[in-house]
Structures are given as structure tokens and as C-alpha cells.
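# Examination of the molecular architecture
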Amino acid sequence: ECVSESAHLKGCTDKEKNVLFAKAANAKNRICIYGSNEVINALAKFEQSGAAINSDETANIFINLCTAMREDHMQKSNNASFKELQTILVGQQKW
């Protein structure tokens, strides 16, 4: 939820931004508590990249995070292709 909401930060008031940042912090805390090592490593890599989807590299890092979360949640290997997730999550972006 926070990722999609953060795409619209430019039009937000400071109060709305603070609410969004609080939601993101809460989500990160829950991931750190309940996520597998793979998910935590993928989240750390996304954070190290700047935690923004603004290039092919950061989009790939985010998709890898989503893949790790899917595998963790489903308790099995991810059966969605990287290309399918890329199309759904970031579309055909040309950074």
C-alpha cells in the first residue's frame, strides 16, 4: 500500500506525508519481525538502493523483494515470472 501511495507524494501535504512515512515504518517493522531472512535481505538491498523505484536497477531490486515476499508467504517457490511481475508492478517504464 505504501509503495503505491508514495508515487503521489508531490501532491501531498506535510501531514499526509507524515502519515505515509509512519505507515511505511510500520510495514518495515512487521517485515523485520515476521519476514524470512531472504525477505529481510531483499528489503535491506532495496533500502540501500535508496528505497525508490526510479531506474531499471531499483525496479529489479523491488521486484526481487516482492518475489521473496511471495515465496515466504506461499511457503513455496514463486511461480510468477519476473517479466509478469515487472509488467504488473512497474509497467513498461522508460526511466
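Heads up: the structure comes first, above all this text.
Here is a short report on the structure shown in this document. Sequence order as written defines the numbering, with residues in each chain counted from 1. The predicted nature of this model means local features are confined to residues of pLDDT at least 70 and side-chain atom pairs, given and counted, to a pLDDT of 80 or more, with totals for whole chains, interfaces and linings taken over all residues. For side-chain calculations, the full set of non-hydrogen atoms in the structure is used, while hydrogens and water are omitted.

## Quick notes on helix α5 (residues 82–90)
All buried positions along α5 are accounted for by Leu 85, Gln 86 and Val 90. Buried positions in α5, seen along its axis, are confined to an arc of 105° and lie on one side of it. Among the exposed residues of α5, those oriented more than 90 degrees off its buried face are Lys 83 and Ile 88. Pairs of residues are marked as contacts when any of their non-hydrogen atoms sit within 4.5 Å. Runs of H or I in DSSP of at least four residues are treated as helices and runs of E of at least two as strands, each being numbered from the N terminus. Packing partners of the buried residues in α5 comprise α4 (56–74). Directly beyond the C-terminal end of α5, a positive phi value near 70° is found at Gly 91. The buried label applies to any residue whose accessible area, calculated with a 1.4 Å probe on protein chains only, is under 20% of its type's maximum; exposed applies above 50%, and partly exposed to all values in between. The arc refers to the directions leading from the helix axis to the C-beta atoms.

## Quick notes on the nonpolar core
Residues grouped as a nonpolar core are buried Ala, Val, Leu, Ile, Met, Phe, Trp, Tyr and Cys residues, joined through side-chain atoms within 4.5 Å. Ranked by size, the top nonpolar core spans ten residues in total: Ile 31, Val 39, Ala 42, Leu 43, Phe 46, Ile 61, Phe 62, Leu 65, Cys 66 and Ala 68. Mapped onto this core, the elements with two or more residues apiece are α3 (37–48) and α4. The element contributing the most residues to this core is α4, with five residues.

Coordinates in, geometry out; function isn't part of it.
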